[in-house]
Structures are given as C-alpha cells and as structure tokens.
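Here is what each chain is made of, one letter per residue.
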Amino acid sequence: MRTQSTTVPGTPGRPNEDYAATAVPAEGSGGALVLLDGVTARFPDQGCSHEVSWYVARLGGALLELSGSRRDLSLTDCLASAISRTADAHRGTCDLSHPRTPQSTVVCARWDEAAVEYLVLSDSVLLLGEPDGTVRPVLDTRLDDLGPAARGLPRESRGAFVESLRNAPGGFFTAAADPAVAELAVTGAVTRERVRALAAVTDGLGRWVETFRLGGWPELFAALLTRGPERAIAEVRAAEAADPDGAAFPRGKAHDDASAVVVEL
C-alpha cells in the first residue's frame with residue numbers, strides 16, 4: 001500500500017482551511033482517509049469565535065480517529081459522532097445555530113481486506129480506480145444542481161440564492177453543528193477486489209476538471225497516480241495565474257485551497 005497527500009493554501013500567508021489525513025493501518029488492518037474543505041466565512045458575523053481552520057482540524061481529527069478505530073460504527077455514525085464532538089468543544093462559547101457557523105465538506109473512506117466503504121458530503125470528490133482502468137467518481141451533486149436556477153438570476157443575486165439553500169430543504173448540505181446531516185451524505189461500499197486505488201480531492205483541485213477542463217475525472221486520477229498530487233495542484237495554479245480575473249474561466253475565487261489524498265492498494 002502507498003499513500004500520498006498534499007494540501008496547498010489558496011493564498012500564501014492565509015490559513016489553509018482544508019484538512020487531509022490518513023490512518024494506516026486502521027485498527028490493525030486496512031486504513032482510512034479523511035479530506036475536508038472548510039467553508040470560508042464571507043461575513044464577519046458567523047456566531048462563532050473560532051476560525052474555520054480550527055473547525056476543520058477538530059472535525060477532521062475526530063473523524064479520522066473514529067473511522068480508523070471504530071469498525072463497529074458505520075461511516076455515517078462516525079461523521080455524526082465527530083460533528084457532535086466538535087460541536088461540544090465550542091457549544092458553551094458560540095452560537096451553533098447561526099447559519100454561518102463554521103462548516104465543511106467531507107470525504108471519508110475506509111478499507112480492509114474485504115471492502116472499501118465511502119462517504120461524501122458536498123462538493124469534494126472521491127475517485128475509485130478499478131483494476132481494469134475504469135475510474136468511478138463519487139459525487140454529491142446537490143450544490144451543482146442549483147447552478148441552472150442560479151444562472152437564471154441577476155449576477156448580484158446568485159450568491160445569496162445559493163447561500164439561502166445551504167443546509168436547507170431542497171438545497172445542499174455541509175457538516176456544521178447538526179449531527180443529523182450525516183444521514184444525508186452519499187455513502188456506499190464496494191468489494192476490495194474492485195478497487196486498486198482511490199483519491200480524494202477538494203474542489204480547489206477539482207477545478208482541474210470542472211473549471212479549467214484539463215481533462216475528465218479519469219485523466220485527473222491518472223495524473224494523481226503518475227505525476228502526483230503536488231504536480232496536479234501546480235497545474236491548477238498555472239491555469240489560475242493565466243486567467244487571474246476569471247474572464248475565460250469564471251469562478252468564485254481566483255485561487256482556492258487545494259488538497260488531495262491518494263491511496264494505492
């Protein structure tokens with residue numbers, strides 16, 4: 001087994017709000033990975049005295065420990081417990097009911113000799129590579145599904161429209177302070193023999209496919225395995241630098257934190 005992970009901040013000198021980690025072996029065999037992308041606070045009032053980077057470190061650490069050591073719990077239960085544990089760490093000082101309380105996307109995977117389990121919440125992506133070369137992306141598309149309706153609105157209204165549907169019925173979901181959101185994640189499992197490698201990427205690296213169209217998910221997966229995540233992120237940074245104002249490739253931020261975890265089984 002071989003693992004690689006790389007995480008690069010979108011802006012040097014600013015906190016990196018991604019989290020990337022592996023536990024190998026997990027409870028004596030197999031392993032686990034966790035990848036989070038914190039939701040950057042766009043407004044000063046978020047009801048919380050903690051930075052998003054604090055939140056993802058707490059949530060990521062709790063989720064890695066639980067997914068790696070508690071085989072008796074499903075990944076859904078691990079995420080719910082990790083959210084509760086993180087909420088308890090600042091429940092007494094912060095307003096966790098605030099809609100902009102620190103929150104994050106989630107990718108978690110766990111494997112042993114028999115199976116590979118996975119969980120995806122919001123717009124980070126898990127890629128499963130099969131022995132025959134097929135690459136299967138595991139996607140939570142609910143945020144992307146809002147795109148057509150948002151594009152039908154005046155540009156200045158699109159952001160508020162999307163934000164109004166965060167963690168709301170008919171919208172999309174992120175891990176914040178409510179453990180019940182774990183039940184809304186995309187989950188599943190495949191037999192171990194069907195997976196030769198897996199990779200998790202935050203949307204800052206997902207731009208390789210979704211924004212700059214340097215290739216599809218299979219091509220990104222191949223790049224991660226052959227050239228490594230650091231090179232793939234460098235290719236995104238080069239594309240961002242060539243279009244600094246987003247004229248050719250519109251995007252919410254000129255640069256974003258970008259992270260990947262790659263595991264070859």
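Above: the structure in question.
Conventions adopted
- Residues numbered from 1 in each chain as written.
- Predicted model: local features only at pLDDT ≥ 70, side-chain atom pairs only at ≥ 80, totals over all residues.
- Heavy atoms only, no water.
- Helix = DSSP H or I, 4+ residues; strand = E, 2+ residues; numbered from the N terminus.
- Rg over C-alpha atoms; globule rule 2.2 N^0.38 Å.
- Buried < 20%, exposed > 50% of the residue type's maximum accessible area, 1.4 Å probe, protein only.
- Contact = heavy atoms within 4.5 Å.
- Areas by Shrake-Rupley, 256 points an atom, 1.4 Å probe, with all protein chains shown as cover.
- Lys, Arg positive; Asp, Glu negative; His and termini not counted.
- Charge placed at Lys NZ, Arg CZ, Asp CG, Glu CD.
- Pairing = 2+ DSSP bridges.
- Axes fitted to C-alpha atoms, helices over the stretch in contact; angles between N-to-C directions.
- Parallel < 35°, antiparallel > 145°, perpendicular 65-115°, else oblique.
- Left-handed = near helix turned anticlockwise from the far one by under 90°.
- Nonpolar A, V, L, I, M, F, W, Y, C, P; charged D, E, K, R; others polar.

Novice: Kindly report on the overall build of the protein chain, identifying the contributing residues and their values.
Specialist: When helices and strands are tallied, the protein chain shows seven helices and ten strands. Here the C-alpha radius of gyration of the protein chain, 18 Å, is about what a compact globule of 265 residues would show, namely 18 Å. Viewed in the frame of its principal axes, the protein chain has a C-alpha envelope of about 50 × 45 × 35 Å. Counting only residues that meet the buried cut, the protein chain has 51% of its 265 residues in that class. In the protein chain, of all internal contacts separated by at least 6 residues, the share reaching a separation of at least 24 is 70%. Just so you have it, the protein chain exposes about 11700 Å², and 51% of that area is on carbon and sulfur atoms. The protein chain carries 26 positive and 36 negative side-chain charges, and their two centres are separated by 3 Å.

Novice: Tell me about the sheet that holds strand β3 (residues 31–38), and please be specific about residues and values.
Specialist: Read across the open sheet, the five strands follow the order β2-β3-β4-β5-β8; overall the sheet is antiparallel. Both outer strands of the open sheet, β2 (18–23) and β8 (186–191), are each paired with one neighbouring strand and no more. Averaged over all neighbouring strand pairs, the angle between strand axes comes to 10°, with direction disregarded. Of the pairings in the sheet, the one linking strand β4 (residues 104–111) to strand β5 (residues 115–121) comprises six bridges and is antiparallel in character. Looking at the pairing, Trp111 lines up with Val116 of β5. The strands touched by helix α1 (residues 52–69) within the sheet are β2, β3 and β4, with β3 carrying the most contacts at an inclination of about 160°.

Novice: I'd like to hear about the packing of α1 against helix α2 (residues 75–90), residue by residue, with values.
Specialist: Here α1 crosses α2 at 140°, and the two axes come no closer than 8 Å. Put simply, α1 runs oblique to α2. For the element pair α1 and α2, the recorded crossing hand is right-handed. Taken together, the residues of α2 that come into contact with α1 (itself represented by Trp54, Tyr55, Arg58, Leu59, Ala62, Leu63, Glu65, Leu66 and Ser67) are Leu75, Cys78, Leu79, Ser81, Ala82, Ile83, Arg85, Thr86, Ala89 and His90. Here the contact of α1 with α2 is composed, by residue class, of twelve nonpolar, four polar and three charged.

Novice: An account of the sheet that holds strand β10 (residues 258–264) is requested, with residue identities and associated values reported.
Specialist: If you trace the five strands from one edge of the open sheet to the other, you get β1-β10-β9-β6-β7, paired in antiparallel fashion. In this open sheet, the two edge strands, each paired with only one partner strand, are β1 (2–8) and β7 (135–138). Between one strand axis and the next, the sheet turns by 10° as a mean value, whatever way the strands run. The pairing of β1 with β10 spans seven bridges and is antiparallel. For Arg2, the partnering residue across the bridge sits in β10 and is Glu264. Against the sheet, helix α6 (residues 217–226) contacts β1, β6 (125–129), β7, β9 (197–201) and β10, and its axis sits at roughly 105° relative to β9. Against the sheet, helix α7 (residues 229–242) touches β1 and β10, its axis set at about 30° to β1.

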